[in-house]
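Remarks on the overall topology
Single-letter residue listing:
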Amino acid sequence: MSAAQQVNFYQVGTFAAGNRLLGPELQSDQSDPARANALTSGHRACQGCGEALGARYVLDAAQRAAGGKVIAVNATGCLEVFSTPYPETSWQLPWLHSLFGNAPAVAAGVAAALRAKGRTDVRVVGQGGDGGSVDIGFGCLSGMFERGDDVLYVCYDNEAYMNTGVQRSGATPPAARTATTQAVGEEPGAAFGQGKSLPLIAMAHEIPYVATATVAGLRDLEAKVHRAMGMRGARYLHVLVPCPLGWGTASCDTVRIARLAEQSGLFPVFEAEHGEVTDVTPIRRRVPVEEYLRPQKRYAHLFEPEPHTDVIARIQRTADRNIARFGLQAEEAVP
Amino acid sequence: MLKQTEGSRAVAETVAYCRPEVIAAYPISPQTHIVEELSRLVKSGALKPCEYVNVESEFAAMSLCIGASAAGARAYTATASQGLLYMVEALYNASGLGLPIVMTVANRAIGAPINIWNDHSDAMSQRDSGWIQLYARDNQEAADLHPQAFRLAEELSLPVMVCMDGFVLTHAWERIEVPEQRQVDAFLPPYEPRQVLDPDEPVSIGAMVGPEAFTEVRYLAHAKQMQALEAIPRVAEDFRRVFGRASGGLVQPYLCEDAETIVVALGSVLGTICDVVDEMRGRGVRIGALGITSFRPFPLDAVRKVLGGARQVVVLERALAVGIGGIVSANVRTALSGIQLDGRTVIAGLGGRAITKASLHRLFDDAIAGRLEPLTFLDLDTGLVERELARMARTRRSGPSAENILRDVGSNR
């Protein structure tokens, strides 16, 4: 599949290629040789880990925005485990891991301490996976939002509990196979009608800034981190990070899969301020959901032995609804 | 300054003089008056700089303190009962990370059945959490233990729980010598963290530790508590010098030197016990009392020294280890290892049941006369229990025991 994929480089208005042709102010943080390398090399993430990629971009952008004065608070999960196997650490910024379900409250505590000490120059980033944010840390996160604690919280969403061996979370999409929603029985995979959108829930708190992003749009991700860091109060960033292990995708396909999630409409990329959507990333080349689902082994049961067209159509309706709801259809679609 | 005040308010005022920089607040009876008063002190500007954060749960309260403490701030919270249990995961985390958080526990029973009144089930359940646990015998001590708790916590990089009996102390009004700011400042230096989240000197806190070093890290936690055995009396002595009164320490013996029978207890019941000891001494009975102020670390040597010469020890506990009996007793027995003496465990005052002088007189007379079972439930209504046991034997669907017993109590009135 990937070998046959045709790759087009567009030099006009995108940042996908030709970065070095741009002026320094438009170049990405990651292209800067003096970048922070907040999550430095040598960690133990799987090859092609979307979360490691996302976290590196997020934290380096945050470091640049805050003049290198960032404290990171991490929930338990892959990102924590692969970055700090004793006695090593990949973090080149002050970093605190407490528990699975309390990262937002711990981050709020760091922010409160900094405020009490008058150190408003130091900024706080909380981070967790979808399990730590959508499920077990949800109460603490909602509290942090509601109080307006001065924290940028980032959820790296790989749609299941990957660290414990791919179990279903509240962010697992319908039909996806996980170790606790296995591809057996009448309705294989995760159930339809379950799961929640944390970005929409975050918006309901009317916090200053909510945004979604994927590791396919890394320049967009950096820009959103900068926008978030330019504000105070509780801010939320939800980043889709494909997981080769849990999704059953090739390590080299992480960015491509993330892009297909976006282009199919299954993962809407947007920004919201104070509860109102302010911007969306239009889909320029729309793809049917099948194109996104097929390369992922977690959806293999939808295609073997023969395609479950009804289930695929149901997922397509979700994508269509997202596109209509967020106005994702680009006015000028690229064929 | 000597004033007529509520225990909770005296604690809140004293905590404020300790200059906490971050306070996490979540309401639960009977602790609530403490954080209410602190809220007033922060909002009015009397306590500053201080961030007072109304959190959404006790789990968040302790988690917020963890973040604040790791960022170098003096952090405080207060809780009780179910709230303490709700933050358990964070309790172990705070001590494991070596963060000097101070927390007041307004001791209260744990459900089910739900019960808001005093016993020690909550704090006792956390005896292995790695926190230092100090138990106050009265409101004066409850207030005084807080500056000592911050001193100990920050010196040792360990969190400290100050346990005070819910309602019995928290809601009692009496004359208390509330510490003054200049005294607390003289006693408690500014917080100098051992580890801090600082962009100028980035460290990773909370890394994973595998079998190669986990035992060593845990051993250090124990070693620090052993250091506390030395630090607690020293800090109490410093306190006496600055404030001019004795408070805290490891243990508080009362008329134990020539005592044949010694009653061991923690918390506010010591007041009643000492009154009974006085009265029995008036009758010529050689009885004494040993208050344990530091339950964690448990002062094995100090307890052994006081109890070693007695003929009989009665441990009065406001908690129950279901399936075995005493919690404090087990620790006391460890202290008395190798010493043959008659030891009795008495479970008393659960869920706020009053421990009266009359009951204690009967109890101690029975103990001395050798009439006490090894495990005794003080003032247990055996009829009530037996009737419920009979109902359970009679029919499978006997229903909820607590409600059955209440109905029984009601119908016998």
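Please read these numbers as outputs of a predicted model, since none were measured by experiment.

On to the overall build of chain B, then. Helix and strand counts for chain B come out as 15 helices and 16 strands. Once local pairs closer than 6 in sequence are excluded, the contacts in chain B between residues at least 24 apart make up 80%. As displayed, chain B has an accessible area near 17300 Å², and 53% of this comes from carbon and sulfur atoms. The positive charge centre, built from 41 side chains, and the negative charge centre, built from 49, are 5 Å apart in chain B.

What follows covers the side chain of B:Ser81. Mapping B:Ser81 onto the fold places it in helix α4 (residues 81-86). A relative accessible area of 0% places B:Ser81 in the buried class.

A separate point is the sheet that holds strand β5 (residues 209-214) of chain A. The strand order across the open sheet formed by nine strands is β8(A)-β7(A)-β5(A)-β6(A)-β4(A)-β3(A)-β1(A)-β2(A)-β9(B), and the pairing between neighbours is mixed. Taken across any chain shown, the strands that pair with only one partner, and hence form the sheet edges, are β8 (276-280) of chain A together with β9 (204-205) of chain B.

For the rest of this paragraph, the subject is helix α5 (residues 138-147) of chain A. One full turn of an α-helix is made of 3.6 residues, so residues set three or four places apart face in the same direction. Every buried residue belonging to α5(A) is among A:Cys140, A:Leu141, A:Gly143, A:Met144, A:Phe145 and A:Arg147, and all of these are buried. Just beyond α5(A), the residue with positive phi is A:Gly148, at close to 70 degrees.

What follows is about the confidence of the model for chain B. For chain B, the average pLDDT comes to 97, and 100% of its residues sit at 70 or higher. Quick note on the complex model: pTM equals 0.96, ipTM equals 0.96.

All right, on to the UniProt feature "domain: Thiamine pyrophosphate enzyme TPP-binding" (unreviewed entry) in chain A then. The UniProt feature table records "domain: Thiamine pyrophosphate enzyme TPP-binding" (unreviewed entry) at residues 76-239 of chain A. As annotated, residues 76-239 of chain A comprises 34% helix and 16% strand, and the C-alpha atoms at either end are separated by 17 Å.

All right, on to the pattern of salt bridges then. Throughout the structure, instances matching the rule amount to 43 salt bridges over all chains. B:Asp408 is the partner of B:Arg391 in a salt bridge, and the nearest nitrogen-oxygen pair spans 3.4 Å. One end of the pair, B:Arg391, is in helix α14 (residues 382-394); the other, B:Asp408, is in helix α15 (residues 401-411), with 17 residues separating them in the sequence. With relative accessibility at 18%, the residue B:Arg391 sits in the buried group. Connected via shared salt-bridge partners are A:Arg123, A:Asp150, A:Arg232 and A:Arg235.

Before going further, it helps to examine the nonpolar core. Counting 139 residues, the largest nonpolar core has A:Tyr236, B:Leu38, B:Met62, B:Tyr76, B:Leu307 and B:Val332 as the members making the most contacts within it. The element that contributes the greatest number of residues to this core is helix α3 (residues 103-116) of chain A, accounting for 10 residues. Three or more residues apiece are contributed to this core by two domains, here domain 1 (2-243) and domain 2 (251-377) of chain B. With residues up to four places along the chain from it excluded, the contact list for B:Leu38 reads B:Ala12, B:Val15, B:Ala16, B:Ile23, B:Leu47, B:Tyr52 and B:Tyr76. A:Val70, A:Phe82, A:Val154 and A:Val239 belong to the second largest nonpolar core, which has 39 residues in total.

Further remarks concern helix α7 (residues 218-229) of chain A. Residue and element names in this part refer to chain A. With 12 residues, α7 extends 16 Å between its outermost C-alpha atoms, agreeing within 8% with the 16 Å of an ideal straight helix rising 1.5 Å per residue. Among the residues making up α7, those that are buried are Leu218, Leu221, Glu222, Lys224, Val225, Ala228 and Met229. The arc enclosing the buried residues of α7, seen along the axis, measures out at 160 degrees, which places them on a common side.

In this complex, chain A contributes 36 residues to the contact, which on the side of chain B involves 37 residues. A combined buried area of about 2800 Å² lies between chain A and chain B, and 65% of that area is made up of carbon and sulfur atoms. In this structure, the connection of chain A to chain B is made through three salt bridges. B:Glu56 is the salt-bridge partner of A:Arg147, the closest N and O atoms lying 2.8 Å from each other. There are 13 residue pairs in polar contact (both at pLDDT 80 or more) connecting chain A and chain B. Secondary-structure elements contributing two or more residues to the side of chain A that touches chain B are β1 (70-74), α2 (78-83), β2 (95-97), α3 and α5 of chain A. Per-element tally for the side of chain A that touches chain B: the top contributor is α3(A), with nine residues. Residue classes in the side of chain A that touches chain B are distributed as 20 nonpolar, 11 polar and five charged. The pairing of β2(A) with β9(B) spans two bridges and is classified as parallel. Within the sheet, the bridge partner assigned to A:Trp95 lies in β9(B) and is B:Ser204.

This paragraph deals with the pairing of strand β7 (residues 270-273) of chain A. All names here are of chain A. Where β5 and β7 come together, two bridges link them in antiparallel fashion. What sits directly across from Ala211, in β7, is Glu271. Where β7 meets β8, four bridges bridge the pair, whose relative direction is antiparallel. Along β8, the bridge assignment pairs Glu273 with Glu276. Here β7 folds back onto β8 in antiparallel fashion, the turn holding two residues, of which His274 has a positive phi close to 50 degrees.

Turning to the sheet that holds strand β6 (residues 132-135) of chain B, a few remarks are in order. Residue and element names in this part refer to chain B. Ordered by their spatial adjacency, seven strands build an open sheet running β3-β2-β4-β5-β7-β6-β13, and the pairing between neighbours is mixed. Looking along the sheet, the strands with just one partner apiece sit at the ends: β3 (51-54) and β13 (294-296). Shown here is a sheet whose adjacent strand axes are inclined to one another by a mean of 20 degrees, direction ignored. Where strand β5 (residues 102-107) and strand β7 (residues 160-165) come together, six bridges link them in parallel fashion. Bridged to Met103 within β7 is Met161.

Turning to the pairing of strand β14 (residues 312-317) of chain B, a few remarks are in order. Residues and elements named next belong to chain B. Of all six residues in β14, six are buried, a share of seventy percent or more. Along β14, one buried face is formed by Gln312, Val314 and Leu316 and the opposite face, lined by Val313, Val315 and Glu317, is buried too. Where strand β11 (residues 261-265) lies against β14, four bridges are found, and the strand directions are parallel. By the bridge assignment for β14, Val263 is matched with Val314. The pairing of β14 with strand β15 (residues 342-347) spans six bridges and is classified as parallel. Its bridge partner being in β15, Val313 is matched across the sheet by Gly343. In this view, the connection linking β14 to its parallel neighbour β15 by way of helix α12 (residues 328-335) has right-handed handedness.

What counts as what
- Counting from 1, residues in each chain are numbered in the order their sequence is written.
- Chains carry letters from A onward and ligands carry numbers from 1 onward, assigned in written order.
- Residue-level local features of this predicted model are given only where pLDDT is at least 70; pairs of side-chain atoms are given and counted only at 80 or more, and the full residue set underlies all totals for whole chains, interfaces and linings.
- Side-chain numbers come from the whole structure's heavy atoms, not from hydrogens or water.
- For the purposes of this entry, the term helix denotes a DSSP run of H or I that reaches at least four residues, the term strand denotes a run of E that reaches at least two, and both are numbered from the N terminus.
- Should any heavy atoms of two residues lie within 4.5 Å, those residues are considered in contact.
- To be clear on the numbers: accessible area is Shrake-Rupley with a 1.4 Å probe, and residue cover counts the displayed protein chains and nothing else.
- When charges are counted, Lys and Arg are positive and Asp and Glu negative, with His and the chain ends excluded.
- By convention, charge coordinates are those of NZ in Lys, CZ in Arg, CG in Asp, or CD in Glu.
- Note on exposure labels: buried denotes an accessible area under 20% of the residue type's maximum, exposed denotes more than 50%, and partly exposed covers the range between, all computed with a 1.4 Å probe on protein chains only.
- At least two DSSP bridges between two strands are required for those strands to pair.
- The quantity known as pLDDT measures the predictor's confidence residue by residue, on a range of 0 to 100.
- UniProt positions are given in the numbering used here, feature names are shortened, and annotations may be inferred rather than shown by experiment.
- Criterion for a salt bridge: a side-chain nitrogen of Lys or Arg within 4 Å of a carboxyl oxygen of Asp or Glu.
- Only buried residues count toward a nonpolar core. Its members are Ala, Val, Leu, Ile, Met, Phe, Trp, Tyr and Cys residues joined through side-chain atoms within 4.5 Å.
- Domain limits in this description derive from either an automatic procedure or a database domain assignment.
- A helix is expected to span 1.5 Å multiplied by its residue count minus one.
- The arc in question is formed by the directions pointing from the helix axis toward the C-beta atoms.
- When two parts are put together, the accessible area they lose, computed with a 1.4 Å probe and summed over both, is reported as buried area.
- Pairs of N or O atoms within 3.5 Å make up the polar contacts considered here, provided that, within protein, one atom can donate a hydrogen while the other can accept it, and that residues adjacent in sequence are counted only when both atoms are side-chain atoms.
- Side-chain classes follow a simple rule in which Ala, Val, Leu, Ile, Met, Phe, Trp, Tyr, Cys and Pro form the nonpolar group, Asp, Glu, Lys and Arg form the charged group, and the remainder, Gly included, forms the polar group.
- Angles here are taken between N-to-C directions and fall from 0 to 180 degrees, while the axes themselves are lines fitted to C-alpha atoms, restricted in helices to the stretch in contact.
- Call a crossover right-handed when, viewed with both strands pointing away from you, the route from the first strand across the helix to the second goes clockwise.

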